[in-house]
Amino acid sequence: MSRHKLVKNLDLDEELDDYDGDEYGYDEGGEGGGLEGINSYTRPLYPRIHLLTICVIIIRAQRRRSRSMHLYPALTTLLTQHKENMREGTIKVREALPTGTALDSITDKEIQEALWHYYYDVGKSVTYLLNTYSKAAKKAEPKKKKGRSSFLIASGVMFSQAGEGALGSLADLEDLAREDDDFVVQHCSKSFNFAEFFKDTPWFNVPIERQAVLIPPLYPRGGLLGGSSDGAPKMSKLQALAAARKKKAQEQKSESISEVDKPMASLSLGPSTGKAHDTPLDREYSQSAVTQKPVSRGFPLRKRKNSNPHEKAPKAPPVEVEPTQEREEMDLDQAQNDQASPSAFASTMFGSATTSPRKPENIFTMPYTATTVAASPTDAFAGPSPDDVVLAAQSKASKKGGKDSSKTPKTNGEKKADQIASGVEAMKLDDTPRAKSKNLDVLAEYEKAKTKNAANFVVIGHVDAGKSTLMGRLLYDLNVVDERTVERYRKDSEKLGKSSFALAWVLDQGTEERARGVTIDIAMNKFETEKTAFTILDAPGHRDFIPNMIAGASQADFAVLVIDASTGSFESGLKGQTKEHALLVRSMGVQRIIIAVNKLDTVSWSKDRFDEISQQVSAFLIQAGFQQKNISFVPCSGLQGDNIARKSTEPAGLWYTGRTLVEELDNSEPITRALTKPLRLTIDNIFRGGIQNPLSISGRIEAGSLQTGDALLAQPAKEKCFIKGLEVDQEPADWAVAGQNVTVHLSDIDPIHLRVGDVLCSPSAPINSIKHFTAKVLAFEFLMPMQIDVHRGRMHVAGRIKEIVAVLDKSTGAIQKKKPKIVKPGTVARVVVELDHAVPLEAPSRVVLRSNGDTVAAGLLE
Ligand SMILES: Nc1nc2c(ncn2[C@@H]2O[C@H](COP(=O)(O)OP(=O)(O)OP(=O)(O)O)[C@@H](O)[C@H]2O)c(=O)[nH]1
């Protein structure tokens, strides 16, 4: 039961009668809790305060019996006393009042009101009653006391004011209710007066000087939510000129308006005002509302066919308009005087607006729309869009020496046809080189240049194998990185407590990479030997960043597999990313692999350890498809620089007499490039916002060649662009060939059409975007029809293995089993893959299939 219900249902008398003070263990005369205590506390107070207090206490006591029951006896006595005082007082007042007058009609209730007010003082009560009721008797209709309630409800307990339960004046109870939110007073009266009822509410007592005054805005509300009826937004000179012309046209027109129009105008809604359209733009729109069918989409500055007064005003007299139609239009015009035009958007959404007149002061005409209130949703888009206008203007400008369209005005159909034609024209690929082309024979230039052999190699291996440190040492020893830089890295890494990573910082440039001591993305760096210009692609070893490793591996000509020779690390690496990385690079077409058996300083340059590792890894690599002749091992210490760029000086390591790592790299066979194939350049990075070159991309040319001024096709966007400038290895160049890493500055393309992983190709021999392909893959995990991600370099797209066509013999490629349900790891299979969306792919691209963060297969498109 709710609190209020409990109190409402309470029979107070019964409660008081039933109450036994001992029930709760309190003695009536107990300390501070009995009648005496209460009386001594309350006796000096005025009786009505007494009584109100008592009421509240009774009600509260009822709710919190356990805490206040000791007050109960005192309260009961007080209430009884009050009743007795009232009864006696009433008798005495009646005796004192003159009889045989209008005062005979005074009720007991009114007497008790007076007694309550004057604290049982009979004399004062009589004087008050005499004064009040004698005056009232003089009036024909004795006035009832304003706002006097016929009954009160205090916290749900009803006390009749007329009866014995009358506890106090209404004002007192109201005061009490205001102070105590537990005490609720409800008023019910036949002659209920709202002004009286709310007279003490704070918002009615705000002094006049503090009351808010609505001041109309000085300038019209502009924008989407409003407009202006008495001022226009600031206009440009062009707008002002247009407005002046409109005004002139309107004046000319009003002069030529037929007599028929005048009585029509008088039929319009609302009072006719000469200054309904105070702004020139308003006038323009108002006029267009009268003389045109509603067609605007809300572009007021667009020049309308019949808006030019010099062309139309004299030729199009209003008599051409049907009288009924014109009357409607005039009425609409007048209605617009009184209300803002709905926006084009509102018209489109809700159709016609109401034409009922509204008070002008509440209306702000929108200056941005010429839409009339009668505009229909379809009409709203009947006019040409701004794009149409621009396209039309462009097509007009491009037609050099064509026939003068102004002389022979075109029909709407012809215009539309022109627009479509110009649109198609704009979509057509423009083969004209934007930058000046030297029209070089790039292959002949390449031969002539006798450029150094270029090779990219990817550095792979399990996490923390020492890949970055090894490459940092290599660059340091080859003087690609100077001592000061390395010294600075040493100091900075020391501050982070990662001094052993100082050399790794040469490649790990990212703040997070340095803070965590982990490579996250491919780091590129360059160095040259006498024979070859090398590009290092330092891959992350952590399994979370395998997609980045794949991106690096896709650009590599060969690989350097770094193995941590320290105790336990080689073994755990073999189970981890050592094998996975090796398999991946092989699957991606890498044939040559150099294994740097690193951290040999931690095993005292143990030859046995080196041999053990070499044997195990060699066996595995041959199994993965590498040829023995393409596998070489170098024992080294990246940290100390042994056998990297120089021979080891460690006495314990003198047993190794073979090549250093750099010598081994330099010993690689030159890679055959697909120079004569159509251009294929996968975007590895996009740079925007350059001042001279706002849009540039970088990547490695996989096939073909290019030169400044060439047209390129970006796939899958199918967007054509032009080579504005070129850089090969950060040096400006006029041309580049397959195998080179280039930065291409592009023109005539919006950056939104380009993404990392997209392919730039020759428009004459484009790469197609496909959604299905068949591939011969090596399974790393169990394969079945399943969801996968397809990776090709930086590009990756979601898809699924839709079908397993066959299991193939590893060496011969012959079909071993058709349509198997599942393919075991280590097996070669032919699968059909379906992609979520089309991407530029073609045979014999190498792809990697991954699922739930694991590499499940890799292979070749067929
Ligand atoms: N003793 C010793 N420690 C080495 C050697 N090479 C690298 N380290 C240490 O191995 C730790 C990891 O080195 P990194 O170069 O960051 O390893 P990483 O393979 O590049 O790591 P990720 O790229 O994150 O996979 C660092 O503390 C290096 O100091 C080495 O030859 N000897």
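Residues numbered from 1 in each chain as written. Predicted model: local features only at pLDDT ≥ 70, side-chain atom pairs only at ≥ 80, totals over all residues.

Enquirer: Describe the site of the ligand, naming the residues involved and giving the relevant values.
Expert: What surrounds the ligand is a group of 24 residues, the closest being G466, T469, S500, T519 and G541. The element that contributes the greatest number of residues to the shell around the ligand is helix α20 (residues 467-477), accounting for 3 residues. Its residues placed into classes, the shell around the ligand shows 7 nonpolar, 13 polar and 4 charged. (Near = placed C-beta within 6 Å. Helix = DSSP H or I, 4+ residues; strand = E, 2+ residues; numbered from the N terminus. Nonpolar A, V, L, I, M, F, W, Y, C, P; charged D, E, K, R; others polar.)

Enquirer: Break down helix α25 (residues 607-623) for me, citing the residues and quoting the values.
Expert: Here α25 spans 24 Å end to end across 17 residues, near enough to the 24 Å set by a 1.5 Å rise per residue. Turning to α25, its buried residues are F610, I613, V617 and L621. For α25, the arc enclosing every buried residue in end-on projection is 70°, short of the 170-degree limit, so these residues lie on one face. Facing away from the buried side of α25 by more than 90 degrees, the exposed set consists of D608, Q615, A619 and I622. Of the surrounding secondary structure, the elements contacted by the buried residues of α25 are β7 (558-564), α24 (569-587), β8 (592-598) and β9 (631-635). Two residues or fewer after α25 comes G625, characterised by a positive phi angle close to 110°. (Expected span 1.5 Å × (residues − 1). Buried ≥ 20, exposed ≤ 12 C-beta atoms within 10 Å, placed from the backbone. Arc of directions from axis to C-beta. Contact = placed C-beta atoms within 7 Å.)

Enquirer: Can you tell me about helix α19 (residues 442-449), naming the residues and giving the values?
Expert: An α-helix turns once every 3.6 residues. As a result, residues three or four positions apart point the same way. Burial analysis of α19 places just 0 of its 8 residues in the buried class, which makes it a mostly uncovered element. Positive backbone phi, approximately 45°, marks K450, located one or two places after α19.

Enquirer: Outline the pairing of strand β19 (residues 769-779), supporting the account with residue identities and numerical values.
Expert: Relative to strand β23 (residues 828-840), β19 runs antiparallel, the two sharing 9 bridges. Along β23, the bridge assignment pairs I770 with V839. The sheet contact formed by β19 and strand β25 (residues 854-861) spans 5 bridges and is antiparallel. The residue bridging A775 from the neighbouring strand is L861, located in β25. (Pairing = 2+ DSSP bridges.)

Enquirer: Could you give an account of the pairing of strand β21 (residues 795-808), with specific residues and numbers?
Expert: Note: strand β20 (residues 787-792) against β21, 6 bridges, orientation antiparallel. Counted as the bridge partner of Q787 is R800 from β21. With antiparallel pairing between neighbouring strands as the criterion, β20 and β21 make up a hairpin whose turn holds 2 residues, including G793 at a positive phi of roughly 60°. Of the strand pairs in this sheet, β21 and β23 are connected by 8 bridges, and their pairing is antiparallel. Among the inter-strand pairings, V807 is bridged to a residue of β23, identified as A829. Strand direction decides the pairing type here: β21 and strand β22 (residues 815-818), joined by 3 bridges, are antiparallel. Within β22, the position partnered with A806 by the bridge is K818.

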